[in-house]
Amino acid sequence: MNDGQMQTEHIRLDAENIDEELIAHAAQVLADGGLVAFPTETVYGLGANALDADAARRIYEAKGRPSDNPLIVHIAGADRLGDVAKDVPGTAKKLAERFWPGPLTMVLHKQPDIPDATTGGLATVAVRCPSNRIASELIKKSGCPVAAPSANRSGRPSTTRYAHVTEDLDGRVDMIIDGGDAPIGLESTIVDLTADVPTILRPGYVTKEDLEAVVGKVQVDPALTRDAAETAGRASGQAHNTAGKASGDAAPSGMDAGLHPKAPGMKYRHYAPKGDLYLVQGSEGDVIRCINKLVEAAQQEGKTVGIIATAETKERYRSGTVLDVGTRPEEVAASLYDVLRQFDTLGAEVIYAEFLSGSGLGAAIENRLLKAASYQVLDAPKPMQSSRRRKLIFVEGHGNARSAMAAALFDRLYESSDMEAVSRGIVVQFPEPLNQKTEAVMVSNGITLEGFVSEQLSDEEIDQDTMLFTMEERQRQQVLSKFPSATEENTFLLSEYVGDELEIMDPYGGTLQTYGICFEVIRASIQKLSDRILEEKTL
Ligand code: AMP
Ligand code: MG
């Protein structure tokens, strides 16, 4: 990956036990106008003397970054704020007291000796005081404020690990410090304190609520809202994926057609993997089903496909390379960029991600995902389109055990005459009564099915008002291949449809207790199914 020309020096520092000589050497490189990549608690930064216009310009060169995108100036302590900013308001002092050192950047009026090269020609300066001990020692020892954007090549995901920095910047900078993984994993929160109301220009680990607790009302730059992004996306008029409805697909140029974000950097394509990233939104079950279908379609086109899942959902994808970003929100923040970079290494051409949105730290994750995906968001279709659906067919092999329980439970839980639920088999040679243990369990739960006999599923009974639910994925595949009227739009794995992780296992050959457990599992799934149908009818 070394496509630069210079020799990069690599050093390793332990934040708990910093080697004095090595850090003094690194600080000297900075003071002499060199570029040093160093760890912070958010992401790795690429530092230069903020007062040295030539040094700042070299940052843009090394990153391949547009020069109107200003750098954040890092200081060693709040007591040095006056060196870089002037007319510092009381709100800034309060925020510094509460959140520094830490992942908060404040935009303030700049001191005249901060060069245009550092601020992108703005009259304001973004200032942060990092808490990582290597970062703060380095800045202190260098004796200058340190301008540092994220230590990645422009447009790529920010770097959260030493290996990422080496991959992007080896041969392009004077020094890279290995200080372990960046624990937060997303860039700092940026708040503009030059406006009447403090305004969040970039969401991060310090949340809107955190800020409001200290300074009262805080607003979010309106250009960051999804509506603005989507307006920009539509205005850009880009073609989009045919597999779903894209609700927004802004390219970087699309942003220009909408509102202008106040942090100049927010308008550029950012954090992006090399493959084409799509975010899929909707209820969990719908999202997983939709992604499974999209992956299948893309694989049929011969594409290498990746999926971004959480620790909770990763088992539910059938094919494609699944990488999980852990549990929300802290683990997701810490691993997102690494996962995006891994997909580059794996050569993923298209990547589908569960759209993880939310408030607090979730808002920062949502923001980075949207930007990484250039606002390509797909709505997972809701398969149950309406109250038109009148017939539910529960399907299994013989049609006299699990499917019979499911149909009977649906009738009891849903309690309405506008839907009928029936049980069918895929391999019924002749009608059989209810499986004995199934019957025993149902009776002990107060359900009797007089004169039940199993029936073979027939293609004729599947019409546009029908939904089919199988107990196992294997059965769903059988139904799809044997019955022309069964399609991806009407044939579902029951557990997947209601957002459960495991298939409903076959109790056959088990004890009465096995059947009892099976009944409870089905009861829970049917409860969710019935809730969902009721909910959709009231929409
Ligand atoms: P990075 O250094 O890669 O984390 O990016 C720095 C971010 O801070 C970019 O989005 C910049 O646009 C933003 N920024 C830096 N200085 C200012 C400023 N004076 N006013 C508004 N945004 C700024
Ligand atoms: Mg950056």
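Residues numbered from 1 in each chain as written. Chains lettered and ligands numbered in written order. Predicted model: local features only at pLDDT ≥ 70, side-chain atom pairs only at ≥ 80, totals over all residues. Heavy atoms only, no water.

Undergrad: For this particular structure, what's the right way to read the pattern of salt bridges?
TA: Proximity of charged atoms lets side chains of opposite charge pair with each other. Across all of its chains, the model carries 36 salt bridges by this definition. Linking Lys208 and Glu212 is a salt bridge whose minimum nitrogen-to-oxygen distance equals 3.5 Å. Here Lys208 and its partner Glu212 are both found in helix 8 (residues 208–215), four residues apart, which amounts to about one turn of the helix. What makes Lys208 partly exposed here is its relative accessible area of 28%. With a shortest N-O distance of 3.7 Å, Glu296 and Arg318 are connected by a salt bridge. Remark: Arg318 occurs in the loop between strand 15 (305–309) and strand 16 (321–324) and Glu296 occurs in helix 11 (residues 284–300); sequence separation between them is 22 residues. One salt-bridge network, held together by shared partners, links Glu296, Arg318, Glu473, Arg476, Glu488 and Glu496. (Salt bridge = Lys/Arg side-chain N within 4 Å of Asp/Glu carboxyl O. Helix = DSSP H or I, 4+ residues; strand = E, 2+ residues; numbered from the N terminus. Buried < 20%, exposed > 50% of the residue type's maximum accessible area, 1.4 Å probe, protein only.)

Undergrad: Could you clarify how one ought to interpret the side chain of Arg316 in this entry?
TA: Tracing the chain through its elements places Arg316 in the loop between strand 15 and strand 16. In this structure Arg316 comes out as buried when scored by relative accessible area, which is 7%. Polar contacts involving the side chain of Arg316 include one to the side chain of Glu284, which spans 3.0 Å. When neighbours within four sequence positions are excluded, Arg316 is seen to be in contact with Glu284, Gly285, Ile288, Asn292, Glu496, Gly499, Asp500 and Glu501. (Polar contact = N/O pair within 3.5 Å; in protein donor to acceptor, adjacent residues only side chain to side chain. Contact = heavy atoms within 4.5 Å.)

Undergrad: What am I meant to see in the packing of aromatic side chains here?
TA: By convention here, two paired aromatic rings are described through the distance between centres and the angle between planes. Scanning all chains against the criterion turns up eight aromatic pairs. Here the aromatic rings of Tyr271 and Tyr337 are separated by 5.6 Å at their centres, their planes lie at 20°, and the arrangement is stacked. Here Tyr271, found in the loop between helix 10 (252–257) and strand 14 (276–281), pairs with Tyr337, found in helix 12 (residues 330–346); they are 66 residues apart in sequence, far enough to count as distant. The class of Tyr337 is buried, set by a relative accessible area of 1%. With 6.4 Å between their ring centres and 45° between their planes, Phe394 and Phe410 make a pair best called tilted. Remark: Phe410 occurs in helix 14 (residues 402–414) and Phe394 occurs in strand 19 (residues 391–396); sequence separation between them is 16 residues. (Phe/Tyr/Trp six-rings, centres within 6.5 Å; stacked < 30°, edge-to-face > 60°.)

Undergrad: How do you make sense of the sheet that holds strand 21 (residues 466–470) when you look at a structure like this?
TA: Strand-to-strand pairing in sheets goes through backbone hydrogen bonds, with the strands running parallel or antiparallel. On the basis of which strands lie adjacent, the open sheet formed by four strands has the order 20-19-21-22 and parallel pairing. In this open sheet, the two edge strands, each paired with only one partner strand, are strand 20 (420–425) and strand 22 (491–493). Geometrically, the sheet is characterised by an average inter-axis angle of 25° between neighbouring strands, direction not taken into account. With three bridges joining them, strand 21 and strand 22 adopt parallel strand pairing. Bridge pairing in strand 22 links Leu468 to Thr491. Here helix 16 (residues 473–482) sits on the sheet in contact with strand 19, strand 21 and strand 22, set at roughly 170° to strand 22. (Pairing = 2+ DSSP bridges. Axes fitted to C-alpha atoms, helices over the stretch in contact; angles between N-to-C directions.)

Undergrad: Would you mind showing me how to read the environment of Val422 here?
TA: Looking at where Val422 falls in the secondary structure, it is placed in strand 20. Judged by its relative accessible area of 15%, Val422 falls in the buried class. A C-alpha to C-alpha distance of 8.7 Å links Val422 and Val395, two positions 27 residues apart in sequence. When sequence neighbours within four positions are dropped, the list of residues in contact with Val422 reads Leu392, Ile393, Phe394 and Ala407.

Undergrad: What's the story with the packing of helix 12 against helix 13 (residues 361–372) in this structure? I'm lost.
TA: When two helices pack together, their arrangement is given by the angle between the helix axes and the distance between those axes. Orientation of helix 12 relative to helix 13, taken along the N-to-C sense of each, is 15°, at an axis distance of 9 Å. When the interaxial angle is binned, helix 12 and helix 13 end up roughly parallel. Here helix 12 and helix 13 pass one another in a crossing that is left-handed. Taken together, the residues of helix 13 that come into contact with helix 12 (itself represented by Glu330, Val332, Ala333, Leu336, Tyr337 and Leu340) are Leu361, Ile365, Arg368, Leu369 and Ala372. Its residues assigned to classes, the contact of helix 12 with helix 13 shows nine nonpolar, no polar and two charged. (Parallel < 35°, antiparallel > 145°, perpendicular 65-115°, else oblique. Left-handed = near helix turned anticlockwise from the far one by under 90°. Nonpolar A, V, L, I, M, F, W, Y, C, P; charged D, E, K, R; others polar.)

Undergrad: Teacher, can you tell me more about the pairing of strand 20 here?
TA: Both faces of the sheet carry side chains from a regular strand, because those side chains alternate between them. The element strand 20 is largely enclosed, with a buried count of five among its six residues. Of the strand pairs in this sheet, strand 19 and strand 20 are connected by six bridges, and their pairing is parallel. By the bridge assignment for strand 20, Leu392 is matched with Ala421. In this fold, the crossover linking strand 19 to strand 20 by way of helix 14 has right-handed handedness. (Right-handed = clockwise from strand over helix to strand, strands pointing away.)

Undergrad: Explain the packing of helix 1 (residues 20–31) against helix 6 (residues 133–142) here, please?
TA: As a packed pair, helix 1 and helix 6 sit with axes 8 Å apart at the nearest point and diverge in direction by 60°. With respect to each other, helix 1 and helix 6 are oriented oblique. The hand of the helix 1/helix 6 crossing is right-handed. Contacts between helix 1 and helix 6 involve Glu20, Ile23, Ala24, Ala26, Ala27, Leu30 and Ala31 from the first element and Ile134, Glu137, Leu138, Lys141 and Ser142 from the second. In the contact of helix 1 with helix 6, the residues fall into eight nonpolar, one polar and three charged.

Undergrad: Can you walk me through the nonpolar core in this structure?
TA: Burial of nonpolar side chains together is a common tendency in soluble globular proteins. Counting residues in each nonpolar core, the largest one holds 44 residues, and the members touching the most others are Leu46, Leu95, Trp100, Leu104, Met106 and Leu211. Counting residues per element, the ones that place at least two in this core are strand 3 (45–49), helix 2 (53–63), helix 3 (81–84), helix 4 (90–99), strand 6 (104–110), strand 7 (124–128), helix 7 (162–169) and helix 8. In terms of residue count, the dominant contributor to this core is helix 2 (five residues). Those residues in contact with Leu95 that lie beyond four places of it in its chain are Trp100, Leu104, Met106, Val191, Leu193, Leu211, Val214 and Val215. Core analysis: the second largest hydrophobic core is formed by 32 residues, Ala407, Val441, Met471 and Ile526 among them. (Core = buried A, V, L, I, M, F, W, Y, C linked by side-chain atoms within 4.5 Å.)

Undergrad: Help me out: how do you make sense of helix 15 (residues 436–444) in this one?
TA: Think of an α-helix as 3.6 residues a turn; residues three or four steps apart then line up on the same face. Among the residues of helix 15, those classed as buried are Thr438, Val441 and Met442. Looking straight down helix 15, one finds its buried side chains confined to an arc of 100°; they lie on one side. Projecting away from the buried face of helix 15 at angles above 90 degrees are the exposed residues Gln436 and Ser444. Positioned one or two residues after helix 15, Gly446 has a phi angle of 80°, which is positive. (Arc of directions from axis to C-beta.)

Undergrad: Mind showing me how you'd approach the confidence of the model for the protein here?
TA: Predicted coordinates in regions of low pLDDT should not be interpreted in detail. Mean pLDDT over the protein stands at 90; residues scoring 70 or higher make up 90%. Confidence drops under pLDDT 50 across residues 234–258; counting only partners more than four residues distant or on other chains, this segment forms 50 contacts. (pLDDT = per-residue confidence, 0-100.)

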